[in-house]
Amino acid sequence: MGSMFTYVYQGTSPARVREKLDGACATPSWNSLFENAVCTNLVAPVSNHSPLLVDTDGSFGLTNRNFRFDNSWLLDNDFFAVVQRSWHGSTNDDFLLRRNKVIDDVHAWGKARNRLRWQQKHIVQQKLESEIDSLDHLSIQHLKEQWNLFLAEDEIRLKQQAKVFWLQNGNKNSKYFHNSIKARSRGNRIDKLQDASGSWVHSEEGIQTLVRDYFSDLF
C-alpha cells in the first residue's frame with residue numbers, strides 16, 4: 001500500500017530519481033500466522049528512503065486503498081461501454097487526465113456492480129436452498145446458470161488475488177502452489193452455521209450434526 005516508489009533522490013540537477021528499492025519479505029509459515037498483514041509505504045520526512053510499516057492485522061490505511069482492477073469485470077459488456085464513454089467524454093484533456101478519469105469512472109462502476117452482484121448472488125442462493133421445491137425445471141435451470149456465472153466470477157477473482165495462473169501451474173507439485181491451495185481452503189472453511197431456531201453453532205461436532213441432519217431431511 002502507498003506509493004510504489006520507496007526511494008526518491010533529487011540532487012542539484014532538476015531531474016528526480018524514483019526507484020522501488022525496499023520491500024518486505026515473509027515466509028509461508030509467517031503468512032499463515034498473520035493472514036491479514038499489510039505492508040504500507042509511508043511518507044519519508046527526511047530520508048530518501050520511505051519507511052515501511054508492517055501491520056499484522058491489516059487495519060492501517062484501509063480507507064485509502066489504491067484502485068485495483070477486478071478481472072471478473074471483463075465478463076461484463078457494460079465494462080467496455082463505461083471505458084469508452086469515459087475516455088471519449090474528455091477528449092479536450094491530456095492523456096493523464098483522461099486516464100485518471102477512466103480509472104475513477106471504472107472504480108465507481110465496479111464498486112456499484114460488485115455490490116449488486118453480491119446481492120443477486122445472495123438471492124439466487126436463497127432460492128436454490130429454500131425455494132427449490134416450489135420451482136419448475138426451467139426456473140431451476142435458469143438459477144443454476146446464474147449461479148455458475150457467479151462461481152466463474154469468484155474463480156477469476158480468486159486467481160487474481162492469489163496471483164497464480166492455475167491453468168498453467170495447476171499440475172506442478174510446488175510448495176508455493178500447495179500454500180496457495182491452503183490459503184484458499186481457509187477462505188472456504190465453515191466456522192459456524194445457523195440452525196432452524198436461528199442459533200449459531202460453532203463447535204465442529206455441532207456443525208457436522210447440523211449438516212448431516214439437514215441432508216437427511218432432504219433425502
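Our structure is the block above this text.
As a starting point, this report considers the structure included with it. (Residues numbered from 1 in each chain as written. Predicted model: local features only at pLDDT ≥ 70, side-chain atom pairs only at ≥ 80, totals over all residues. Heavy atoms only, no water.)

### Some words on the overall build of the chain
- For the chain, the helix and strand inventory stands at 7 helices and 6 strands.
- Starting at the N terminus, the α and β elements of the chain follow one another as β-β-α-β-β-α-α-α-α-α-β-β-α.
- Counting every position in the chain, which comprises 219 residues, the buried fraction comes to 16%.
- For the chain, the share of sequence-separated contacts (at least 6 apart) that also reach a separation of at least 24 residues comes to 40%.
- If you sum the accessible surface of the chain, you get close to 16800 Å²; carbon and sulfur atoms cover 55% of it. (Helix = DSSP H or I, 4+ residues; strand = E, 2+ residues; numbered from the N terminus. Buried < 20%, exposed > 50% of the residue type's maximum accessible area, 1.4 Å probe, protein only. Contact = heavy atoms within 4.5 Å. Areas by Shrake-Rupley, 256 points an atom, 1.4 Å probe, with all protein chains shown as cover.)

### Examining helix α2 (residues 77–88)
- With 12 residues, α2 should cover 16 Å at 1.5 Å per step; its first-to-last C-alpha distance of 17 Å lies within 8% of that length.
- Regarding α2, the residues found buried are F79, V82 and S86. End-on, the buried residues of α2 take up no more than an arc of 60°, which puts them together on one face. Looking at α2, the residues exposed on the side facing more than 90 degrees away from the buried face are N77, Q84, R85 and H88.
- Where α2 is buried, its residues meet α3 (95–130). (Expected span 1.5 Å × (residues − 1). Arc of directions from axis to C-beta.)

### With respect to the side chain of D70
- With respect to the helices, strands and loops of the structure, D70 is situated in the loop between β4 (52–55) and α2.
- Among the polar contacts listed, one links the side chain of D70 to the side chain of S72, at a separation of 2.7 Å.
- A polar contact is formed between the side chain of D70 and the side chain of R157, at a distance of 2.9 Å.
- Among residues more than four places away in sequence, those in contact with D70 are N114, R157 and Q160. (Polar contact = N/O pair within 3.5 Å; in protein donor to acceptor, adjacent residues only side chain to side chain.)

### Regarding the layout of surface pockets
- Taken as a whole, the second largest pocket encloses approximately 970 Å³ of empty space.
- Forming the walls of the second largest pocket are 26 residues, and the residues nearest its centre are H122, Q125, Q126, E129 and W147.
- Looking at the lining of the second largest pocket, the elements with two or more residues in it are α3, α4 (137–162), β5 (193–194) and α7 (204–218).
- Top element by residues in the lining of the second largest pocket is α3. It accounts for 11 residues.
- A breakdown of the residues in the lining of the second largest pocket according to their chemical character gives 12 nonpolar, 6 polar and 8 charged. (1 Å grid on protein atoms, 1.4 Å probe; cavity = no way out; pocket = protein on both sides within 12 Å on 5 of 7 lines; lining within 4 Å. Points joined across faces, edges and corners; volume = space filled by probe spheres on them. Nonpolar A, V, L, I, M, F, W, Y, C, P; charged D, E, K, R; others polar.)

### Describing the pattern of salt bridges
- Within this structure, the stated rule accounts for 7 salt bridges.
- Put simply, R157 and D70 hold a salt bridge, and the shortest N to O gap is 2.9 Å. Here D70 lies in the loop between β4 and α2 and R157 lies in helix α4, a separation of 87 residues in the sequence.
- A salt bridge links D76 to R113, with the nearest nitrogen and oxygen atoms 2.7 Å apart. With D76 in the loop between β4 and α2 and R113 in helix α3, this residue pair connects regions lying 37 residues apart in the sequence. (Salt bridge = Lys/Arg side-chain N within 4 Å of Asp/Glu carboxyl O.)

### A few points about the packing of α2 against α3
- Contact geometry for α2 and α3: axes closest at 9 Å, N-to-C directions at 145°. For the pair α2 and α3, the crossing hand works out as right-handed. Counted together, D78, F79, V82, V83, S86, W87 and H88 of α2 and F95, R98, R99, K101, V102, D105, V106 and W109 of α3 form the full contact between these two elements.
- Among the residues forming the contact of α2 with α3, the class breakdown is 8 nonpolar, 2 polar and 5 charged. (Axes fitted to C-alpha atoms, helices over the stretch in contact; angles between N-to-C directions. Left-handed = near helix turned anticlockwise from the far one by under 90°.)

### Remarks on the nonpolar core
- By size, the foremost hydrophobic cluster in this structure holds 6 residues: W73, F79, V82, V102, V106 and W109.
- Mapped by element, the contributors of at least two residues to this core are α2 and α3.
- Ranked by residue count, the leading element in this core is α3, at 3 residues.
- Once residues lying within four places of it in the same chain are set aside, the contact partners of W73 are F67, R68, F79, V106, W109, G110, R113 and N114. (Core = buried A, V, L, I, M, F, W, Y, C linked by side-chain atoms within 4.5 Å.)

### A few points about the environment of S199
- When you line up the elements, S199 lands in the loop between β5 and β6 (200–201).
- Residue contacts for S199: discarding those within four places in its chain leaves L193 and Q194.
- One polar contact links S199 to S197, side chain to side chain, over a distance of 3.5 Å.

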